[in-house]
Amino acid sequence: MSVITKKTVKDYIEIPEGPPYYQLIEGELIMSPAPSYSHQRTVGRVFLKLSRLLEEKGLGEVLISPIDVYLDEKNVFQPDILVLLKEGKAKVEENGIFGPPDVVVEILSPSTAYYDLIVKKEVYERAGVKEYWLLDPNRKTFEIYKNTEDGFKLTSQAREKGKVFSEILGLEVDLKDIYEGGI
């Protein structure tokens with residue numbers, strides 16, 4: 001029987017740059033396979049919507065994975081999309097983002113759903129992410145959780161049709177803009 005040692009940011013930094021991509025989740029190095037077509041299409045559509053909004057209103061910037069987000073000594077994530085508002089807590093450095101982004105968007109995949117729905121959600125909440133968006137391209141769902149003094153609370157959701165609203169960004173998103181269309 002072998003003992004698995006927990007990893008820290010120091011161990012994470014020593015991983016060579018480039019694929020495969022790892023995340024440090026509660027002290028464990030987790031590698032994910034390449035995302036699916038529907039996952040990447042969803043990422044692209046959400047990114048475009050957020051990018052246009054942030055540029056028009058001059059609120060901040062939006063970034064797409066892979067980029068390291070250092071949340072604490074045991075957690076370095078690569079969210080699918082993250083939003084950094086001008087007045088936010090996160091510090092931008094060349095080798096990653098240090099501290100909580102204002103909005104984190106995760107697109108569910110079979111290989112990462114457990115982490116996104118449970119483990120990473122708890123860490124994002126604890127770290128102070130203001131809003132956590134979860135999208136499932138297979139079920140065509142979109143949920144927005146706002147971080148309150150009692151933790152993440154579901155503030156907006158839709159399935160297949162309908163709209164969701166981000167209080168932090170003042171943005172309404174129609175699911176048809178995210179899930180309909182394609183090649």
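Look up: the structure comes first, before these words.
Residues numbered from 1 in each chain as written. Predicted model: local features only at pLDDT ≥ 70, side-chain atom pairs only at ≥ 80, totals over all residues. Heavy atoms only, no water.

Visitor: Sorry, what's going on with the overall build of the protein here?
Guide: When its secondary structure is counted, the protein shows four helices and 14 strands. Expected size for 183 residues packed as a compact globule is a radius of gyration near 16 Å; at 16 Å, the protein falls within 12% of this value. The C-alpha extent of the protein, read off along each of the three principal axes, is 50 × 35 × 30 Å. Within the span of the protein, comprising 183 residues, buried residues form 42% of the whole. With an accessible surface of roughly 10100 Å², the protein has 52% of that area assigned to carbon and sulfur atoms. Of note, the protein has its 24 positive side-chain charges centred 4 Å away from the centre of its 31 negative side-chain charges. (Helix = DSSP H or I, 4+ residues; strand = E, 2+ residues; numbered from the N terminus. Rg over C-alpha atoms; globule rule 2.2 N^0.38 Å. Buried < 20%, exposed > 50% of the residue type's maximum accessible area, 1.4 Å probe, protein only. Areas by Shrake-Rupley, 256 points an atom, 1.4 Å probe, with all protein chains shown as cover. Lys, Arg positive; Asp, Glu negative; His and termini not counted. Charge placed at Lys NZ, Arg CZ, Asp CG, Glu CD.)

Visitor: Just checking my understanding: could you explain the nonpolar core for this structure?
Guide: Side chains of a nonpolar character, in soluble globular proteins, are inclined to be buried together. Leu50, Val105, Trp133, Leu135 and Leu169 are the most contacted members of the largest nonpolar core, which totals 24 residues. Every element with two or more residues in this core is listed here: α2 (37–57), β6 (81–85), β9 (103–107), β10 (131–136), β11 (141–148), β14 (171–174) and α4 (175–179). The element that contributes the greatest number of residues to this core is α2, accounting for five residues. In this structure, leucine 169 is in contact with Leu50, Leu53, Leu54, Val83, Leu85, Val103 and Trp133, ignoring residues within four places of it in sequence. (Core = buried A, V, L, I, M, F, W, Y, C linked by side-chain atoms within 4.5 Å. Contact = heavy atoms within 4.5 Å.)

Visitor: Would you explain a nonpolar patch on the surface in this entry?
Guide: Taken together, Tyr114, Leu117 and Ile118 make up a surface patch of nonpolar side chains, about 290 Å² in accessible area. With respect to the helices and strands, leucine 117 occurs in helix α3 (residues 113–127). Overall, leucine 117 belongs to the partly exposed group, its relative accessible area being 39%. (Patch = residues over 30% accessible without salt bridge, like charges linked within 9 Å, V, L, I, M, F, W, Y side chains within 5 Å. Salt bridge = Lys/Arg side-chain N within 4 Å of Asp/Glu carboxyl O.)

Geometric values such as these leave the question of function open.
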